[in-house]
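Architecture at a glance
In case you want the letters, here they are:
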There are 2 protein chains.
Amino acid sequence: MQIGILGGGSVGQTLGAGLKALGHEVMLGIREVTPETLSQPRAQARPLGDWQGATGARVATLAEAAGAAEIVINATNGRGSLEALRSAGAENLAGKVLIDVANPLDFSRGMPPFLLSELSGPTSLGERIQAEVPEARVVKCFNTVTAAVMVKPDLVPGEHDLFLCGNDEGAKEVVRDLARALGWSRFVDLGDIVGARAQECFLPIWVRLWMTGGTPLLGYRIVSA
Amino acid sequence: MQIGILGGGSVGQTLGAGLKALGHEVMLGIREVTPETLSQPRAQARPLGDWQGATGARVATLAEAAGAAEIVINATNGRGSLEALRSAGAENLAGKVLIDVANPLDFSRGMPPFLLSELSGPTSLGERIQAEVPEARVVKCFNTVTAAVMVKPDLVPGEHDLFLCGNDEGAKEVVRDLARALGWSRFVDLGDIVGARAQECFLPIWVRLWMTGGTPLLGYRIVSA
């Protein structure tokens, strides 16, 4: 499949490399493709020029990556996701499965981050994205684990769940198939896109577990009667 | 032990009955003890007069329940917890283990509730309680599961974790002992009371899982590398 990834940080790079290795065509979109943006150092990730050389995937603009794609993944910083989707263009997203991997984190007070007040509580980033691009088939998924675990779930030994939600059942099945190819086998469907409120609440938990437990390689298993 | 429970709703009643059944002395505190408050119907719980008769535990004022107790449990509605603790009296809480079971839920827009903005994000109810009664040894615990599971964890089959956090290691051990007597065996220590931000984030997840999965009998297991 042709997959467009929006965002050149560690999440976008890790997902892109993982999906390319499965045989998908991957185009990674950033705001501007220039010699500077391709060579600039990135937190916990390679310069994009190096990533491009190593993976064989292509770096392009947000609009190019979305336009060429059958499946689009939003791997931008949550604070900037709505703006990035505007740059990608509603016409490039219409009718497509849009996997929202982002979290609306506020780092303005340093670590630990917390959820941006305007994107939490009685709303969520996932809902706001679906409202921003109503013709896209938004599925919130993968946002509850660190990037390395998204593409290699067995880095966390033992059974753990992948959460997803969205309004379009067919789109959720596409996402489950993609996740199965990466090694995921247990899914918890949180219903329509309002479930993003719950899914994004894993982030403060995840960060705290990482701080107190010393490893970002974490997963959750839901147990019920 | 002498246990004082603040709050006469289903959580307070369930915890009180469960701890009484273990042989503890339980006094349940409410704002005013009158024939009316003892006979008034309560959501998902018995009138307190009936509860008193059935359990052999006593209903008293918030200050009486806290004053007599060795361990105090805050089982009030999260929105009213700080006010209830003021009524209980700082002098009745000083030096005592105070288990905060409450969640800062906002039901003002109906179901599902979300976290009260003034008690979430860069703060939490647990932290606000510790600041309100600095001489109490606050431990946030039991707030991530429904009342029935608090006192009978095997209602949820399979291994699941009990989360706790607080500034006082000795107080946390007291709480673990109390929980072990109720049947809990797996604990996840989220560090100091700032961990309450993470623990309270389980609530939106829990409510969503209940809505989509159909049962409130839910637990979480943390899996890590």
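The structure under discussion appears in the preceding block.
Predicted model, so just to flag it, every value in this text is computed and none were measured. (Residues numbered from 1 in each chain as written. Chains lettered and ligands numbered in written order. Predicted model: local features only at pLDDT ≥ 70, side-chain atom pairs only at ≥ 80, totals over all residues. Heavy atoms only, no water.)

1. Observations concerning the overall build of chain A
Check the secondary structure of chain A and you find ten helices and eleven strands. At 16 Å, chain A has a C-alpha radius of gyration in line with the 17 Å of a compact globule built from 225 residues. When burial is assessed residue by residue, chain A has 56% of its 225 residues classed as buried. For chain A, long-range pairs separated by at least 24 residues make up 72% of all intrachain contacts whose partners lie at least 6 apart in sequence. Within the structure as shown, chain A displays about 8600 Å² of accessible surface, and the carbon and sulfur contribution to it stands at 51%. Averaged over its 20 positive side-chain charges, chain A has a centre that lies 5 Å from the centre of its 24 negative ones. (Helix = DSSP H or I, 4+ residues; strand = E, 2+ residues; numbered from the N terminus. Rg over C-alpha atoms; globule rule 2.2 N^0.38 Å. Buried < 20%, exposed > 50% of the residue type's maximum accessible area, 1.4 Å probe, protein only. Contact = heavy atoms within 4.5 Å. Areas by Shrake-Rupley, 256 points an atom, 1.4 Å probe, with all protein chains shown as cover. Lys, Arg positive; Asp, Glu negative; His and termini not counted. Charge placed at Lys NZ, Arg CZ, Asp CG, Glu CD.)

2. Quick notes on the sheet that holds strand β10 (residues 187-189) of chain A
All names here are of chain A. Here eight strands make up an open sheet; going across it, the order is β3-β2-β1-β4-β5-β8-β9-β10 and the pairing mixed. Two strands in the sheet have a free side with no partner beyond their single neighbour: β3 (58-61) and β10. Going across the sheet, the axis of each strand differs from the next one's by a mean of 25°, ignoring polarity. Seen against the sheet, helix α7 (residues 125-132) touches β4 (71-74), β5 (97-100) and β8 (137-141) and runs at an angle of roughly 165° to β8. (Pairing = 2+ DSSP bridges. Axes fitted to C-alpha atoms, helices over the stretch in contact; angles between N-to-C directions.)

3. Points about the interface of chain A and chain B
With 37 residues of chain A at the contact, the number on the chain B side is 37 residues. Summed over both partners, the interface of chain A with chain B buries about 2800 Å², with 72% contributed by carbon and sulfur atoms. Per-residue buried area on chain A facing chain B is highest for Ile205(A), Arg208(A) and Val223(A); these three make up 22% of the total on that side. Here chain A is connected to chain B by two salt bridges. With its nearest N and O atoms 2.9 Å apart, the salt bridge here joins Asp192(A) to Arg208(B). For the pair chain A and chain B, the number of links is nine residue pairs in polar contact (both at pLDDT 80 or more). (Buried area = accessible area lost by both parts, 1.4 Å probe. Salt bridge = Lys/Arg side-chain N within 4 Å of Asp/Glu carboxyl O. Polar contact = N/O pair within 3.5 Å; in protein donor to acceptor, adjacent residues only side chain to side chain.)

4. Thoughts on the packing of helix α1 (residues 10-21) of chain A against helix α3 (residues 48-55) of chain A
Any two packed helices are characterised by the angle at which their axes cross and by the distance between the axes. Residues and elements named next belong to chain A. One can describe the packing of α1 onto α3 by two numbers: an axis separation of 11 Å at closest approach and a directional angle of 10°. As summarised for this structure, α1 and α3 are arranged roughly parallel, according to the angle between their axes. In this structure, α1 contributes Gln13, Gly16, Ala17 and Lys20 to the contact, and α3 contributes Leu48, Trp51 and Thr55. Looking at the contact of α1 with α3, its residues break down into three nonpolar, three polar and one charged. (Parallel < 35°, antiparallel > 145°, perpendicular 65-115°, else oblique. Nonpolar A, V, L, I, M, F, W, Y, C, P; charged D, E, K, R; others polar.)

5. A word on a nonpolar patch on the surface
Residue and element names in this part refer to chain A. Judged by side-chain polarity, Phe107, Met111 and Met211 come together as a nonpolar surface patch covering roughly 330 Å² of accessible area. On the secondary structure map, Phe107 appears in the loop between β6 (105-106) and β7 (114-115). Residue class for Phe107 comes out partly exposed when judged on its relative accessible area of 46%. (Patch = residues over 30% accessible without salt bridge, like charges linked within 9 Å, V, L, I, M, F, W, Y side chains within 5 Å.)

6. Here we look at the relation of the copies chain A and chain B
Placing chain A over chain B gives an RMSD of 0.0 Å and needs a rotation angle of 180°, together with 0.0 Å of translation along the axis. Each copy turns onto its partner about a two-fold axis. Comparing contact sets, 100% of the residues at the interface of chain A also lie at the interface in chain B, consistent with an isologous, same-surface contact. (Least-squares fit on C-alpha atoms with pLDDT ≥ 70 in both.)

7. Quick notes on the pattern of salt bridges
Counting across every chain of the model gives 34 salt bridges over all chains. Here Arg186(A) makes a salt bridge to Glu159(A), at a shortest N to O gap of 3.4 Å. Pair noted here: Arg186(A) is in the loop between α9 (169-182) and β10 and Glu159(A) is in the loop between α8 (147-151) and β9 (162-166), with a separation of 27 residues, a long-range link. The partly exposed category is assigned to Glu159(A), whose relative accessible area is 45%. Here Glu173(B) ties to Arg180(B) by a salt bridge, and the two come within 3.2 Å at their closest N and O atoms.

8. Observations concerning the environment of Lys96(B)
Residues and elements named next belong to chain B. With respect to the helices and strands, the residue Lys96 is situated in the loop between α6 (90-93) and β5 (97-100). Sequence separation between Lys96 and Arg137 is 41 residues; the distance between their C-alpha atoms is 5.8 Å. Apart from the residues within four sequence positions on either side, Lys96 is in contact with Ala66, Gly67, Ala69, Glu70, Val72, Glu135, Ala136 and Arg137. A polar side-chain atom of Lys96 sits 2.8 Å from the main-chain carbonyl oxygen of Ala66.

9. Some details on unusual backbone geometry
All names here are of chain A. Cis geometry marks the peptide bond from Met111 to Pro112, where omega comes out at -10°. Within the secondary structure layout, Pro112 lies in the loop between β6 and β7. Phi angles above zero are rare outside glycine, and Gln44 is one such case at about 55°. Locating Gln44 in the fold gives a position in the loop between α2 (35-39) and α3. A positive phi is found at Phe142, a non-glycine position, where the angle reads about 70°. Counting through the fold element by element, Phe142 comes out in the loop between β8 and α8. Judged by relative accessible area, which is 2%, Phe142 ranks as buried.

10. Quick notes on the packing of aromatic side chains
In this structure the tally under the stated criterion is seven aromatic pairs over all chains. What links up through ring pairs into an aromatic cluster is the set Phe163(A), Phe202(A) and Tyr220(A). (Phe/Tyr/Trp six-rings, centres within 6.5 Å; stacked < 30°, edge-to-face > 60°.)

11. Digging into the packing of α7(A) against helix α10 (residues 196-213) of chain A
All names here are of chain A. Two elements in contact, α7 and α10, have axes separated by 7 Å at closest approach and are oriented at 135°. As far as their axial angle goes, α10 and α7 are oblique. Mapping the contact onto sequence places Leu125, Gly126 and Glu127 in α7 and Ala196, Arg197 and Glu200 in α10. Counted by class, the contact of α7 with α10 contains two nonpolar, one polar and three charged residues.

12. Some words on the pairing of β5(A)
For a regular strand, the rule is simple: side chains alternate between the two faces of the sheet. Residues and elements named next belong to chain A. Across the two faces of β5 the burial is the same, with Val97 and Ile99 and Leu98 and Asp100 all buried. Taken together, the four bridges between β4 and β5 define a ladder with parallel strand orientation. Looking at the pairing, Val72 lines up with Leu98 of β5. Inspection of the sheet shows β5 paired to β8 by four bridges, in the parallel sense. Across the sheet, Val97 pairs through a bridge with Arg137, a residue of β8.

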